[in-house]
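Given next are the chains, with one letter for each unit.
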Amino acid sequence: MDPPGRFLMEDPRNKKKGCIGPWVCVDEDRAVSKVTHCLREKRRPLDIEDNVAKSESPFDSSRSLSSTSSPVESPSSNATAPPSTFSVLEKFHETRQIPLREWISLAISSIDVSQCANRSHFSTYGEDVSSWPENVKTSVAVSSEAFLMPALKVAISLADQICGAERIQLDSSSEQIHGSRGTGSFYLPDTGYDWAERTMVRSTFSGGENQITSTPLSDSRGYLQTPDLRGVQTMPKSISPDLSASKKDENENDLHTPIQFSSVSICDAQILPPLQNVSCSRKNIFDDDACRIYSLGLVFFEIFSGVQQHCGIEDPPIFFGNDPLECNHDDSAIDLNSALKILDELGSDDELFGDSLEENNGDFCNGKRNKSRRTWNGTRKSNLGSRKGLKLQQLPYSISTLIENMLNCIDGDFRGDDSYHAMKDVRSDLQLMIDKPSKFLHDLDVDKLSRIGLQLDDSLLGRENEFSALRDSYHRSVLSGDEFAIISGPSGIGKSVLVETKFASFVKSAGGVILTGKFDQLQQTRPFFAIASAFNDYCINLLCEEGSTSAAQLKFELLKTFGRDSQYLVKLIPGLSIILGPSIGNGSEQACVDVQKRIEYLLRRFIEVICNCSMAPVTLFLDDLQWADCASLNIIADLLLTSGSMQQTRNFYFLCCVRDEAFDQNHPFQTMISRVKLFGVRPTVIPLSFMGKDVLNEMVSNILCLSPRYTRPLADIIHHKTKGNPLFVNQLLLSLNKDGLLRFSLGRRKWEWDEEKIQSRGIPDDVASLFTNAIGQLSPDVKSAMSVLSCFGVSTDVILVEALETSLGLKLRESLDVAISEGFVDKRDGKYVFCHDRVQEACYNIVKVEDRGLDHFQYGLALCNYTIANGDDRLLLIAMDQVNRGGPTALADSGQSRLIASLNLRAGNKAIEMSDIASASRLFHHGISFLRENNWRDYYDLSLQLHERSATCFLALGDLSNLEITIKQILDFAHSFEDTLNAVYITICALFNASKLQLVIGKGLSILTQLGECLPESVSDFQKNTLVTDMIVKLNRLSDDELLNYKMMTEHSKIMALKFLAKLEITMILTNHSLYPIVTIKIIEISLLYGMNPLSAVGFVHFGCVMTKIGRFREGYRCVKLCRGLVDRFESKELNGEVMNFSSHVAAFIEPVQSIVDSFLQGYKRSLEAGDLSNAAMNFLFHCISMYWAGSRLDFVKKLLDKGVRFCKQQNHLNYLSSILPLLRTVTELIGNEDNLQERHTFEEHHLAYATRMFQNMYAAFIFRRYDEMKTHADKYFESNFQQWTVLYSVSCQTFIGGLVAFWICRRSNDSVWADRGFRAMSTLKQWAASSEWNFSDKFYLLEAEYYFSSSQFDNALSSYNKAIACAKQHKFVNDEALANELAGHFLLQSGRQDLAQAYMSRAHEKYLSWGAHNKAAEMNIRSKDEGFPDYLSNDSLSFWDVFAENEKCVRKREYTTQFNI
């Protein structure tokens, strides 16, 4: 019996005899290797040697691997596999395991040489590639990318095996590792045999039915596991040499079909143990690690050269002749001395490249001199044969260097400094070649490096944790919309690089959009500079996308969303004009309440449009936010506060970079952060620290394209000098390169440095000083040009530089071109940009502090002259910023003061057009400062305009202290009363915003008296009714067309009178002032006498409210239509909010309330478009109230109320907040499952707010049947004497509930006062129901039922209850239907009809649940059990509709009997 795992093969010694047999027993692995090789060669395995012969390898040692027969020969070849190999081949096809040398042959032969060769090959060897010498084709193949990458994967897999085995040996030294085999185990090969012969490559073949996929495994230590690659199990113990022809033909195609290398992907490779124990007689003279590195180096040589070498640790590789591919084909003994003599003739490495390092480089070799290397015969020679052979193969320099350093590792004390000491270093270098081939595999561009020098690397290193935190924040924000990120750290730490490289790529790869802007310390006068530039770049890039429909879609959505308001965005974002068309930006300016609030709203909507168009999250990244102006910070805060509450902006993400000083408590940035945190917007702060030594070494390694083991000494020196600041590191490397301490060696093709000189060199303490020193070496003209450029910030438009050249006669652009070539400045997108803000700071510091103001003034004045001469305002804001930095002290001619002040006024007005109030305020202030003393006397008109515009800005900014000072100046120096009117009006507006309403009324009445429009201090109700009736008569005499086309008002004093009257109107509504109708009538009187004005529309809408109050509903509805027509005539968008609000209240007495709720929402949007946040809050408040009383689902109403509270708090509108909070409490209590809102009022309530709060407390107690509590709040509510001339829809609901409360108290107390209050409410509702049956009929019937109940008319009461229920159901008031059923149930319960009461109560319970009042429904169940009723959800009671129908029959019968006196 043959031993297991052995196979019978023909004895090769009989080959010489020309006969077959006898058979010999060989090892299984040897059989597999030999058979598969022979199959590829299309020959029989008759040349297998015995175990004693030296040429025991299954490869033909006399042939190069590249000269073997091609594996892709036709399968119809006459050569056939021997019968005994059929099972072996079948197993091979299953396991996909290839001997290494077989794999190398397949890999080389599969390369399309014609695609890899260069022009020199074709010119030397001809166009016919097939006629080229084999060694040339091999050289081209092994140097190609298609071969190198798979070869590197094989190489690193072998290094993984050894590294893993060494680690296991180190961890468990007591265990015997050598010889361990099995799937998933590591085998540490000995060094006494040919590793290449025993190496197997496992591959995956793609395509076909038998596609195999396999993935390398790794152990817990991270090393690649190399499974047992033998894979072939025990073969039959005897294989007959004769096989039937039919069997042979049947499997012929399978046996001869070659494997295509193009379809092979490498999984891993493994070195297998030898066939027998091998001992090395010379092993003790070498270190085990060095021997293994050397042995693997021999394998790598075969892999990357394609040349087969038969050698182990005892047989060093021999290369000879001029052709490195010609290996020794003789089987005789090798003469080492003769071979080494040939190597000596090659000369040193330096001679190969014509550069004697000993003479020219001195100590330049990574800081040390290379040692000579010892050859195998003990002489000190340079063993360069392998390296030169690989170089002549045109392999990358890195590959040849790696193999040389592996082969040199056994030279003992004479090994080179670059030789390897550990296998992990080999593996690390291989991994770098695979991961970053452009840096560590391919040859460097020597020509480029010799011309340009050191090129910095933009890759991001050592920031994995920070990037992970940023990515997680991004995902959370997109989902919830209430988070943003702040990247903080000192200058030069790499904040911008983290975003612009890694994070930007991540966002774009996920389909997102990223908008980028940068703030500048010297460009704060340019309105919203960073934000506008981010949006502008987005628009320009959108147009550059070829074949994209995004620009057309954006245009459609913008025009649809903004209409004519797009012009305000175009003024801020010029790139939009390219998309929307040039005519969009030429529209006329429309009046606006607050231009800055308007632009905040428009920008927010603009982001929503971008999000909708891109269908992906939009990221706004703003750099250097510590330099942001207050206006930009307000816009950012507005975007953050609304992104979480608006569903459309949930896919908006904000990201910023700031320096550490921005977190100071007094910094505006910190104020903005504190503000948004109050509303639940969470900032994720990601601090960046300096690089550690390992990260810095990796950075230097990437820049120099050298292995980290080479650059470690240099990196340690740099870390000591720079403390790990990335910007400092980059600039220091450039400085060392420029000074010659770090240079590229053409001979060695790598970067070299002198460690001692670098260590001893004096280096500045910070990067700013380093920049200053570098800039100081430039020519005076270049330094001067850069200092001029630095006065305008980090980036400057090319047109500005051209304007300076024209005005100052300087040649700036030529000098700046030199700065660009030196790397200090870039020129891109029509701008000169400093490479870093620290460079700009260094250039700016060149100018002495005492000279900076004069320089700024000179540059600004030159730009002013250019602006005036060319009539181009594009540079006006920049010009005035420069002039103002110089200040009045820079004036050389006092006559220039008026010109500069007027230019500041002009620039301020332009800033207002661009919606930047803060910048406009600064410009007006500077304009005043340039006028100096006696400005009111010498420049009265100009001073008055500057002060009035400045006061307007202070009002918008809420700067009351500066506002008071400015107003005092106007009042003190104005020449006439008329000149003070604007200032007084601004004062009244400030008082109104501060909720000082009584002061508003007092000052307003006083000014109106001075304007000749006297108002009585008090009037009786009869006088009011008379005045209202008289005005109705006057209006009825004029048709609608006559009123809408009435003459225009031109007299300034009357226009101002209307402004004061309009402000008094809204103030008197809030204070319930008795003069409200008189003020309203006065507006219409002035309009009819002196002509129509936009403010006339306000008078008409309020007069409509007055007429509705007295029951003239149709006349009031007519006034509403007139006021809307006047707004359209004058295009008064600033009045839209107020007009929409009050006109909707009047329309509620004519139209169904369900249609009115949208009108309030439209008023809210129109108010925001005009920057009128006050009316926006009012419209939204009444939108919520109308939604509640219209019976909308309570959970939806609560969301609206939460949004309203958030909005009022954000905008600090305390008046409306005090009105919305009580309703929110009531809704919260009705819904339940939440803690009741217990927010205390810490602000002063006006009369309307107090009455509203008392009403809501009374209403909640009434709904939950808490009588005592209800009675207490009812007394306070009615004692407030809440009577208004404006009949708001919410007031009608208060009248309705007040009547129900009054009847309940009346039944309990028998107090006629409460009965009278209930009866008046019922009468009022009856009048309103006559005008709008839809909105008020169910409420009237319910009050009527309660009245009958209180007066003991029980039959009539039940009928009215049923009518109220039916009307509420028909008109879709589920809240009223629930309440009517409940009150009817209480009525029946007290009437003794318990069965009927339960049916009504059950229906009420059902409707409360439908409404969403779960807590109220639960309260009904609890109360029913206390009163002895079963649960209202029980089905035991009669059907409600059965009871309802029976009651209706009884009511009709009773009415019939009464009618006919039966």
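Residues numbered from 1 in each chain as written. Predicted model: local features only at pLDDT ≥ 70, side-chain atom pairs only at ≥ 80, totals over all residues. Heavy atoms only, no water.

Draft legend 1. Main features of the confidence of the model for the protein chain. Taken residue by residue, the protein chain gives an average pLDDT of 77. The fraction at 70 or more is 75%. Per-element confidence in the protein chain ranges from a low mean pLDDT of 35 for strand β5 (residues 217-218) to a high of 95 for helix α61 (residues 1333-1350). Note on residues 1434-1444: pLDDT under 50 across the span, and 15 contacts to partners over four residues away in sequence or across chains. (pLDDT = per-residue confidence, 0-100. Helix = DSSP H or I, 4+ residues; strand = E, 2+ residues; numbered from the N terminus. Contact = heavy atoms within 4.5 Å.)

Draft legend 2. Structural view of the pattern of salt bridges. Under the defined criterion, the tally for this structure stands at 54 salt bridges. Salt-bridge contacts for Glu1382 lead to Lys1416; the nearest nitrogen and oxygen are separated by 2.7 Å. Within this pair, whereas Glu1382 is found in helix α63 (residues 1374-1390), its partner Lys1416 is found in helix α65 (residues 1414-1426), the two being separated by 34 residues in sequence. In this pair, the class of Glu1382 matches that of Lys1416, namely buried. The structure contains a network of salt bridges with shared partners spanning Arg476, Asp482, Glu483 and Arg682. (Salt bridge = Lys/Arg side-chain N within 4 Å of Asp/Glu carboxyl O. Buried < 20%, exposed > 50% of the residue type's maximum accessible area, 1.4 Å probe, protein only.)

Draft legend 3. The arrangement of the sheet that holds strand β9 (residues 513-518) in detail. Across the sheet, 5 strands lie side by side as β9-β10-β11-β8-β12; this open sheet has parallel pairing. At either end of the open sheet lies a strand with only one pairing partner, and these are β9 and β12 (682-687). With direction set aside, neighbouring strand axes in the sheet form an average angle of 20 degrees. Two elements, β9 and strand β10 (residues 618-623), share 6 bridges in a ladder whose sense is parallel. Across the sheet, the residue bridging to Lys518 is Asp623, located in β10. Strand contacts of helix α20 (residues 495-509): β8 (483-488), β9, β10 and β11 (652-658), with the helix running at about 160 degrees to β11, the strand carrying the most contacts. (Pairing = 2+ DSSP bridges. Axes fitted to C-alpha atoms, helices over the stretch in contact; angles between N-to-C directions.)

Draft legend 4. Up close: the pairing of strand β14 (residues 750-753). Where burial is concerned, the two faces of β14 agree: the one with Lys750 and Glu752 and the one with Trp751 and Trp753 are both buried. By the bridge criterion, 4 bridges tie strand β13 (residues 742-745) to β14 in an arrangement that is antiparallel. Within β14, the position partnered with Phe744 by the bridge is Trp751. Joining the antiparallel neighbours β13 and β14 is a turn of 4 residues, in which Arg749 adopts a positive phi near 55 degrees.

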